[in-house]
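Observations on chain architecture
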Amino acid sequence: MKSISTVSWAKPGTLRFLGAGLLGFALMFAADVASAGPHQRPDHPAAPAFAFNPTTPAKTKLGCRLFFDHRLAKANDTSCASCHDPAHGWTDTRRKSRGALDVAEARRTQTVLGAGFVPKLGWSGGIDALEGFVLAPIARAHEMAQDLDALVVELSSSGDYSRGLEAAFGSSEVTVGRISQALAAFVRTLVPGVAPFDRWQAGDQNAVSDSAKEGFDLFTGKAGCAACHTGWRFTGDAFHDIGLEAGSDIGRAVHEPNNPLARYAFKTPTLRDVALRPPYMHDGSKSDLMDVVDHYVQPKPARESLSPLLSSPVLSDREKLNLVDFLLTLTSVTDHTFKNCLPERKQK
Ligand code: HEC
Ligand code: HEC
């Protein structure tokens, strides 16, 4: 908690009129508000949902079961969690995924942690709504290769989801729309949890190391990271070319062909739980967090699309370590209680 002297609005004239108890309460409240920095996780953040698909516990549970169900793939061998594995920060360990949604060239699997807050989904932001996005991997030939009508027949005949559908939608009918709504509702519950960084921001000086504190100063200061990694999720959800080696994947330019800055621009990922999910970047080209930091200090290729927000910070080895130590403090220990939703049937 910050000291009373930092509560700038508390003008003496106003305070004289308040009773002692009320005064104490008001200052406590003000101090809490004042201590929440722009990067601190808010209390109980909830991903916005469409009015037609409110997030209810029954629907979320159904969506969770679907997320871990290998029958969503034609060969019954791949679930969403095969690529978006909770044990790896809701992604996998491959540099490139086995398939990609927007372009022929494979990209790294994105995390679905916090995806409910992301306005434009995919590395190049091709789809706005989770309800639409979640059906794409099921149908895509090189992901789950499943015919959606065949999936409806398969799940209907098994009867496994009857009770769950009844609870979530009022009847046991399996439809493509219900599958997408339930999956979207589940993904919206994957909210990044409280991390040591947040406890430090809330006033616990022992929650993170001195090195991490220096790292955060660098992150928001001389290293220039917070120009793009903004807010409590550490992303402005914008697309930037940060100077990675260019391949045939032109990124955001697929959707904004006339914007010179969109070429080789990919979405800024959240840095919440980032330590849990190497390798990094849309092409999986950076194997650990030190590699990432090194990338930002190295000279970049001179190309028109390079983000003007990129600085080329000069950082000592110690400062690079400080930055990595800070990034490690963004890892939460949330139990998303997803395991409770799994059906009795053996999961691969
Ligand atoms: C074969 C691996 C694979 C499977 C299976 C898979 N995904 Fe993905 N997922 C990806 C890849 C790769 C991306 C990045 C797509 C792109 O930008 O080209 C992605 C991106 C996403 C995103 C966007 C996240 C963001 O922040 O923009 C969501 C949401 C998502 N997947 C949900 C799902 C759901 C739900 C399922 C199951 C129905 C699923 N995925 C199955 C590989 C997979
Ligand atoms: C110009 C905007 C911008 C700045 C400045 C910036 N980043 Fe990034 N960051 C991005 C984008 C965009 C990506 C994804 C790029 C890609 O995959 O093509 C990214 C990716 C990352 C990743 C990998 C995340 C993942 O899940 O793959 C980390 C870690 C990261 N940045 C940390 C930093 C640090 C530390 C700094 C400061 C030294 C920094 N960033 C500065 C935009 C930026």
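Residues numbered from 1 in each chain as written. Chains lettered and ligands numbered in written order. Predicted model: local features only at pLDDT ≥ 70, side-chain atom pairs only at ≥ 80, totals over all residues.

A few points about the site of ligand 1
Around ligand 1 there are 32 residues in total, and Cys80, Cys83, Ser97, Gly122 and Trp123 lie nearest to it. Elements represented by at least two residues in the shell around ligand 1 include exactly helix 4 (80-83), helix 5 (130-133), helix 6 (135-139) and helix 9 (176-188). Grouping the amino acids of the shell around ligand 1 by side-chain chemistry returns 19 nonpolar, nine polar and four charged. (Near = placed C-beta within 6 Å. Helix = DSSP H or I, 4+ residues; strand = E, 2+ residues; numbered from the N terminus. Nonpolar A, V, L, I, M, F, W, Y, C, P; charged D, E, K, R; others polar.)

Some details on helix 3 (residues 57-67)
The buried count for helix 3 comes to eight of eleven residues, which makes it a mostly enclosed element. When helix 3 is considered as a whole, its buried residues turn out to be Lys59, Thr60, Lys61, Leu62, Gly63, Cys64, Leu66 and Phe67. Looking at the buried side of helix 3, the elements it contacts are helix 4, helix 8 (162-169) and helix 9. (Buried ≥ 20, exposed ≤ 12 C-beta atoms within 10 Å, placed from the backbone. Contact = placed C-beta atoms within 7 Å.)

Considering the site of ligand 2
Around ligand 2, the structure places 26 residues, and the nearest of them are Cys225, Cys228, Phe266, Tyr280 and His282. Per-element tally for the shell around ligand 2: the top contributor is helix 12 (residues 289-297), with four residues. When its residues are assigned to classes, the shell around ligand 2 shows 19 nonpolar, six polar and one charged.

A closer look at unusual backbone geometry
Residue Pro278 is joined to Pro279 through a cis peptide bond whose omega torsion reads -5°. Counting through the fold element by element, Pro279 comes out in the loop between strand 2 (266-267) and helix 12. Backbone geometry places Trp90, a non-glycine residue, at a positive phi of 65°. Looking at where Trp90 falls in the secondary structure, it is placed in the loop between helix 4 and helix 5. Residue Met281 is not a glycine yet carries a positive backbone phi of 80°.

What about the packing of helix 3 against helix 8?
Running from N to C, helix 3 and helix 8 cross one another at 145°; their axes reach a closest spacing of 8 Å. Considering only the axes of helix 3 and helix 8, their crossing is left-handed. Contacts between helix 3 and helix 8 involve Ala58, Lys59, Lys61, Leu62 and Arg65 on the former and, on the latter, Gly164, Leu165, Ala167 and Ala168. Partitioning the contact of helix 3 with helix 8 into residue classes produces five nonpolar, one polar and three charged. (Axes fitted to C-alpha atoms, helices over the stretch in contact; angles between N-to-C directions. Left-handed = near helix turned anticlockwise from the far one by under 90°.)

Considerations on the confidence of the model for the chain
Residues shown with low pLDDT carry predicted positions that ought not to be read at fine detail. Mean pLDDT for the chain: 86, with 84% of residues reaching 70 or above. When the criterion is pLDDT under 50, residues 1-34 qualifies, and its contacts beyond four places in sequence or with other chains add up to 18 contacts. (pLDDT = per-residue confidence, 0-100.)

Concerning the nonpolar core
With 35 residues, the main nonpolar core has Phe67, Ala182, Leu183 and Val187 as its most contacted residues. Going through the elements one at a time, helix 3, helix 4, helix 5, helix 7 (148-158), helix 8 and helix 9 are the ones with two or more residues in this core. Sort the elements by how many residues they give to this core and helix 9 lands first, with seven residues. Those residues in contact with Phe67 that lie beyond four places of it in its chain are Ser79, Cys80, Ala81, Leu183 and Phe186. Counting 20 residues, the second-largest nonpolar core is a separate cluster that includes Val208, Cys225, Val292 and Phe326. (Core = buried A, V, L, I, M, F, W, Y, C linked by C-beta atoms within 7 Å.)

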